[in-house]
Amino acid sequence: MPFDALTEASDEALLVLYANGDPVAARVLTARLAPRALGFASRMLADRAEAEDVTQEALLRLWRIAPDWRQGEARISTWLYRVVANLCTDRLRRRVPLALDAVAEPEDDAPGALAGMIEADRAAALQAALARLPDRQREAVVLRHLEGLSNPEIAEVMGIGIEAVESLTARGKRALAVALARRRGELGYGDDR
Amino acid sequence: MAMTDDGHELDDLFRAARASAPQPSAELTARILADALREQPCPVAAPRQRRRWGGVLAALGGWQAVTGLTAAAAAGLWIGINPPAAVAGIAEGLWPEPLSLELIDQMAALEELVEG
């Protein structure tokens, strides 16, 4: 079936087509799901190469479960986020403590600060602050505010209640705000208060 | 001290981060698709039926040979049902006497052997 003809199909329909031997369905699913898996893994791991490996592994598990996928039980995107989260957790646990400390905050007198902040600098500052959050807070904040999931979806991904999601997100945002406060001027938000 | 209490600045940073989300490289996409093709349950399910008939056709010499074979079979059948006068004349020339079948009672011959 042509690529364009499948772009409107649901994830579930595409997975059925893939399981039935349609070669184009895998391309459409990859184009749709790989960026989301890679974005989430990159935020969690702060390491592009590791995030790519996690993305490939998560999608490999999707291909393997395709023939046994039960329609209507779970959304494929939610299932994929959960797999990515578990793979990231495994990798974070294997890391030595020094690895997290190695995520250095940008210097205040970096060239970017003198030239004025641009969007990429703000994104980098947020990423550095995210990397210093506890893993569960980071996971909840990334899923809510960068991946755009609802609280019930996050609860399903993380295997916790909605109230716990709200608590993790709130604490994570407070920690981010504190961590980024001293860089307000550098980030183009005026002087520190 | 924190960023603005209403969270607008933090939301602005989230927006910037979303705009610079990493995109899969061509190399990563190729790795993922290679996995997908390798793991696909029945990647050639549709062409399989055609291939089986294709094998039969190939064994008989292709569709041209099968066409000729069908025409020859139809002609033979028609000659058998309604032989032309020329064919009947040739048959009589080759075998002029009428054919007859005789049934031999083999059981009687066997009894003679046993008794004798």
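Predicted model only: the values in this text are computed from it and were never measured. (Residues numbered from 1 in each chain as written. Chains lettered and ligands numbered in written order. Predicted model: local features only at pLDDT ≥ 70, side-chain atom pairs only at ≥ 80, totals over all residues. Heavy atoms only, no water.)

## Concerning the interface of chain B and chain A
Chain B puts 36 residues into the contact, and the matching count from chain A is 43 residues. Across the interface of chain B and chain A, roughly 3500 Å² is buried in total on both sides, 63% from carbon and sulfur atoms. With a shortest N-O distance of 3.8 Å, A:Glu52 and B:Arg31 are connected by a salt bridge. Across the chain B-chain A interface, the total number found is twelve residue pairs in polar contact (both at pLDDT 80 or more). For the side of chain B that touches chain A, the secondary structure elements donating two or more residues are α1 (8–19) and α2 (26–39) of chain B. For the side of chain B that touches chain A, the per-class residue count stands at 19 nonpolar, six polar and eleven charged. (Contact = heavy atoms within 4.5 Å. Buried area = accessible area lost by both parts, 1.4 Å probe. Salt bridge = Lys/Arg side-chain N within 4 Å of Asp/Glu carboxyl O. Polar contact = N/O pair within 3.5 Å; in protein donor to acceptor, adjacent residues only side chain to side chain. Helix = DSSP H or I, 4+ residues; strand = E, 2+ residues; numbered from the N terminus. Nonpolar A, V, L, I, M, F, W, Y, C, P; charged D, E, K, R; others polar.)

## Notes on the packing of helix α2 (residues 11–19) of chain A against helix α3 (residues 23–45) of chain A
All names here are of chain A. Where α2 meets α3, the axes come as close as 8 Å, and the angle between the chain directions of the two elements is 145°. The hand of the α2/α3 crossing is left-handed. Contact residues: α2 offers Asp11, Leu14, Leu15, Leu17 and Tyr18, while α3 offers Ala25, Ala26, Val28, Leu29, Arg32 and Leu33. When the residues that make up the contact of α2 with α3 are grouped by side-chain class, the tally is nine nonpolar, no polar and two charged. (Axes fitted to C-alpha atoms, helices over the stretch in contact; angles between N-to-C directions. Left-handed = near helix turned anticlockwise from the far one by under 90°.)

## A few points about the packing of aromatic side chains
Residue and element names in this part refer to chain A. Within this structure, the stated rule accounts for three aromatic pairs over all chains. Residues Tyr18 and Trp63 carry aromatic rings whose centres are separated by 5.0 Å and whose planes lie at 45° to one another, so their mutual orientation is tilted. Of this pair, Tyr18 sits in helix α2 while Trp63 sits in helix α4 (residues 48–65), placing them 45 residues apart in sequence. Tyr18 sits in the buried class, given a relative accessible area of 0%. For Trp63, a relative accessible area of 0% puts it in the buried group. Each ring, one from Phe40 and one from Tyr81, has its centre 5.5 Å from the other, and the planes form 75°; the classification is edge-to-face. Note that Phe40 is positioned in helix α3 and Tyr81 in helix α5 (residues 76–94), a separation of 41 residues in sequence. Taking the relative accessible area as the measure of exposure, Tyr81 reaches 2% and is therefore buried. (Phe/Tyr/Trp six-rings, centres within 6.5 Å; stacked < 30°, edge-to-face > 60°. Buried < 20%, exposed > 50% of the residue type's maximum accessible area, 1.4 Å probe, protein only.)

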